[in-house]
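Spelled out from the first residue to the last, the chains are:
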Amino acid sequence: GDPAPEGGAVKLVIQRVSRAEVRVDGRVVGAIGCGMLLLVGLERGDGTSEVERAANKVATLRIFSDENRRMNRDLAEVGGSVLAVSQFTLAGSIRKGRRPGFDGAMIGSEAEPLFDDFVRRLRALGVDVETGSFGSMMDVELVNDGPVTLIWQSGD
């Protein structure tokens, strides 16, 4: 079941990368070559249906170039992987004032199992997934290929 009432939106920042890695305290905890770096923001009200839609979108998204340099291939077609990083700040709002507010962000004790569910669903769809370290201060390094960066949320 859903961990919270309806109303949120899983937010993804999707970056096509030639490589990406996440470090915690200087130690690499997740790394990929060709694929997608996903910054994943979970909001209050998000649940299993939003996470399922997000996983299906990522697994089938055709953002990799074909022989004609058109975005026409998905992760499986290019042998790509995903590096998924939980990104609390994506649920932040900067509409008022000069400091972000995080009232819409899902609390960590609810967000972590939902993030883990997202990763499980991607893997069940045949996607090779590496992750960061939930709730940790992380250094994320990437080479954005293109650059290609897309923003998606579960209401889209």
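Here, every reference points to the structure presented above.
Treat the numbers as computed from the prediction; the structure is a model and nothing was measured.

1. Overview of unusual backbone geometry
Residues G146 and P147 are joined by a peptide bond in cis, for which omega reads -5°. Relative to the helices and strands, P147 is located in strand β8 (residues 139-153). A positive phi angle is found at R69, which is not glycine, with a value near 65°. Within the secondary structure layout, R69 lies in the loop between β4 (64-65) and β5 (71-73).

2. Describing the pairing of strand β3 (residues 35-41)
Counting buried residues in β3 gives seven out of seven residues, a clear majority hidden from the surface. Examined bridge by bridge, strand β1 (residues 11-24) and β3 share seven bridges and lie antiparallel to one another. Across the sheet, Q15 pairs through a bridge with L37, a residue of β3. Relative to strand β6 (residues 81-86), β3 is paired through six bridges, and the arrangement is parallel. The residue bridging G35 from the neighbouring strand is S81, located in β6.

Parameters at a glance
Numbers given for residues are sequential positions, taken from 1 along each chain in its written order. Residue-level local features of this predicted model are given only where pLDDT is at least 70; pairs of side-chain atoms are given and counted only at 80 or more, and the full residue set underlies all totals for whole chains, interfaces and linings. As a rule here, side-chain values cover all heavy atoms of the structure and leave hydrogens and water aside. A run of DSSP states H or I qualifies as a helix once it reaches four residues; a run of E qualifies as a strand once it reaches two. Both are numbered from the N-terminal end. When accessible area is computed with a 1.4 Å probe and restricted to protein chains, residues below 20% of their type maximum are described as buried, those above 50% as exposed, and intermediate ones as partly exposed. Strands are treated as partners if at least two bridges between them are detected by DSSP.

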